[in-house]
Amino acid sequence: MSILDQRKLIESIHPFELLSASTLDNLMKKIDIAYYPKDTLLISKNLPSIVFYIIIKGSVSEFIDEELHNVYGAGDCFDADALIYDKCDGKFLVDEDLICYEIKKEDFLDLMQNKVVQSYFLQDFVTRHQHLKDFDAQSDLTPFLMSKVSDIFLHTACIVDKSESIHSAVLQMKELQTSVVIVEDSMKHYVVTDTDLRDAVILGGCDIYQPVGTIAVRGVISIDINDFLFNALLLMTQNEIKRVVVMQDDKIKGVLEQLDLLSFFANHSHLVAVQIDKAKNVEDLKNLQQDLKNLLIALHSKGVKVRYITKLVSALNIKIYKKVFDMCVEKSLHEKCALIVMGSEGREEQSVKTDQDNALIIQDGVDVELFREPMMKLNSHLLELGFPVCSGNVMVSNEFWRKNVRQYKLLIDGWVTSLSEANLQQLSIFLDSKFVTGNVELLNELVEYLHHSFHARDDVLAHIAKAVLNFDTPLSMFSRFLLEKNHNNKLDLKKGGIFALVHGVRTLALQYEIKETNTIQRIKELNNRGIIDKNFATELMESFDTLSSIRLKAMLEAKDLQESNYINPKNLQKIQMDLLKDSFKVINKFKKFMSFHFHLNMVG
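Residues numbered from 1 in each chain as written. Predicted model: local features only at pLDDT ≥ 70, side-chain atom pairs only at ≥ 80, totals over all residues. Heavy atoms only, no water.

1. Section: unusual backbone geometry
The test is simple: Secondary structure counts use DSSP, requiring at least four H or I residues in a row for a helix and at least two E residues in a row for a strand, with both numbered from the N terminus. Burial classes follow relative accessibility: with a 1.4 Å probe on protein chains only, a residue under 20% of its type's maximum area counts as buried, one over 50% as exposed, and anything between as partly exposed.
Going from F78 to D79, the amide bond is cis rather than trans, its omega being -15°. Mapped onto the secondary structure, D79 falls in the loop between β5 (77-78) and α3 (80-84). Notably, D249 is not glycine yet its phi reads approximately 55°, a positive angle. What makes D249 exposed here is its relative accessible area of 67%.

2. Section: the side chain of N358
The condition is simple: Each polar contact in these results corresponds to two N or O atoms within 3.5 Å; when the atoms are within protein, one needs to be able to donate a hydrogen and the other to accept it, and residues that are neighboring in sequence are counted only if both atoms are side-chain atoms. It only takes one pair of heavy atoms within 4.5 Å for two residues to be counted as in contact.
With respect to the helices, strands and loops of the structure, N358 is situated in strand β15 (residues 358-362). Of the residues examined, N358 reaches a relative accessible area of 0% and is grouped as buried. A polar atom in the side chain of N358 sits 2.9 Å from the backbone nitrogen of V396. Dropping the residues within four chain positions of it, N358 is found in contact with Y321, I340, V341, M342, N379, L382, V394, M395, V396 and W401.

3. Some details on helix α19 (residues 440-454)
Filter applied, for reference: Given the number of residues in a helix, its expected span is that number minus one, multiplied by 1.5 Å. As used here, the arc is the angular range of directions from the helix axis to the C-beta atoms.
Taking 1.5 Å of rise per residue, the 15 residues of α19 would be expected to cover 21 Å, and the 22 Å separating its terminal C-alpha atoms lies within 8% of that figure. Along α19, the positions that sit buried rather than exposed are L442, L443, L446, V447, L450, H451, S453 and F454. Down the axis of α19, the smallest arc covering the buried residues is 160°, so these residues share one side. At the N-terminal boundary of α19, the capping side chain belongs to N439, with an oxygen 3.1 Å from the backbone nitrogen of E441. Residue A456 follows α19 closely and has a positive phi angle near 65°.

4. A closer look at the packing of helix α7 (residues 166-176) against helix α8 (residues 194-203)
For clarity, the cut-off: In this analysis, axes come from line fits to C-alpha atoms, helices being fitted only over the stretch in contact, and the angle between any two N-to-C directions falls in the range 0 to 180 degrees. Working rule for handedness: look at the near helix, and if it is turned counterclockwise from the far one by less than a right angle, call the crossing left-handed; if clockwise, right-handed. Each residue gets one label: Ala, Val, Leu, Ile, Met, Phe, Trp, Tyr, Cys and Pro are nonpolar, Asp, Glu, Lys and Arg are charged, and the others, such as Gly, are polar.
One can describe the packing of α7 onto α8 by two numbers: an axis separation of 12 Å at closest approach and a directional angle of 150°. Classified by chirality, the crossing of α8 by α7 is left-handed. Residues I166, V170 and M173 of α7 touch α8, and the partners they reach there are D194, L197 and V201. Its residues assigned to classes, the contact of α7 with α8 comprises five nonpolar, no polar and one charged.

5. Describing a nonpolar patch on the surface
We apply this condition: Like charges are joined within 9 Å and nonpolar side chains (Val, Leu, Ile, Met, Phe, Trp, Tyr) within 5 Å, but only among residues with over 30% relative accessible area and no salt bridge; these make up the patches. In this description, accessible areas are obtained by the Shrake-Rupley approach with a 1.4 Å probe, and a residue is regarded as covered only by the protein chains that are shown. We count a salt bridge whenever a side-chain nitrogen from Lys or Arg sits within 4 Å of a carboxyl oxygen from Asp or Glu.
Among the surface-exposed residues, I33, Y35 and I99 lie close enough to one another that they form a single nonpolar patch of about 290 Å² accessible area. Tracing the backbone shows I99 in strand β6 (residues 91-104).

6. Describing the pattern of salt bridges
Applying the stated rule across the entire model yields 23 salt bridges. For the salt bridge of E349 with R347, the shortest nitrogen-to-oxygen distance reads 2.7 Å. Overall, E349 belongs to the buried group, its relative accessible area being 15%. The exposure class assigned to R347 is buried, which follows from its relative accessible area of 12%. Each member of the salt-bridge network shares a partner with another, and the members are R347, E349, D432, R506 and R522.

7. As for the environment of L203
Tracing the chain through its elements places L203 in helix α8. Among the residues examined, L203 registers a relative accessible area of 63% and is labelled exposed. With 102 residues separating them along the chain, L203 and Y101 place their C-alpha atoms 80 Å apart.

Here you go:
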């Protein structure tokens, strides 16, 4: 291996790539290369560590109390703790002929004087995990300043002839929900804003039926649709204006508002929310779907935690649900029912649209049949908007999920007394119920009834909890990923990790009558009540965020929903692979906690 290759390997390992060129040059002079045959004991309680190891080829197993704890392969390094604290609780054994770099103890401790290196190696699991995630996010930032005007939402231009009356121009402004009129005078264009109208008509006393051209004095300031958004921002700042007219092939394409531009640089959310509010029909909502996906991509690329992304997306999806509900259901029926979403949408954990999971609760005494056609229509519209049909038919178009309060209570009674797989699945779905629109008290009444029914029913809860063991965590005892051959040697993130965590936390929430539906909020509340300690709670939240983040990336890249949960670990960067392994270890730890907590070994 050449000197250049050696340097590249060292620079590929975090946090060494953050060292200055001179520090790295000095370090390279002190690094040795060593060879150790299989079964060589490198470090143990009785064999002090004298070097820091960086593996070039081969592998090393770490044992704690004779139990395999970790396996290190090419590109991995160990064991800083043994050098820093001058002790080792386990042992490191070569299990495949080893070629490695060695940094002598005194040189490594000198290196620890560097604050970047020190802050990394002195961290606990949770902090180091977060450090890796932060570093990984930094390397993925999207160059927002390279975005173009064509990438953003443009308001429809309200263009009127100079001879149109002020009154007529205002009516057209109202129809298009815009705050500016573009007055056309031969080949020239002028701008009249809502401020101009106020000053001319209300304060200036202008006749509203005189031509709008008489108050149009300011020329249009425009920008080409293929120009950069940053230039649009500069144009607005320099001219002290709140909007610019966008041109394409010398024709007016639309109007770019300052608020939308600033929102784009922030996170797009205000822009999408405004568009939803302005929508008059399903066709208008259809046009939003690409904007929603762009929002996901933008936030994810900026390193925003998935838990925040999904909450924002959930809030926008709820606005869409409400809008469609209003289009389908007569106003007189709104307070006589409650539309709810369940599953990942109910937990505020849906990013890319997956199966619809929705239901309708109807007030007792109201004819359930009144809602049949409206709910058929609602599901149909949601399908048009990209919300796929639920494979299990958990939708308001299915009369099973369209009942009055009394019928839902009978359903809950069945969930308590029957341990059938179908009943347990229905219960799990309903536990994540989130109110969308209508009469919220109808859902609140059922949630109270549900928790009261399951109070002190640990026998049933244990059967519910057992599902966390349904799928194996795809990590071997040698810390290698277990891949599925029938899925092109990929692993299933949902079955392998996310399901166990989500379902386990959901079951604990039912046991302790926690009404939160979001997994992170449930974990925090379990910590607040002393069910799990703060460190374990933080590990669970960080692991959930890592799994969700990697899954989101896979979903954005997947060609179809069936493959969106599968990832090929080989396509991940080393930092992401390490984060994923750490997360799976926490999932295994959580499964052991659940097994002990609910005595799952005794459940038939």
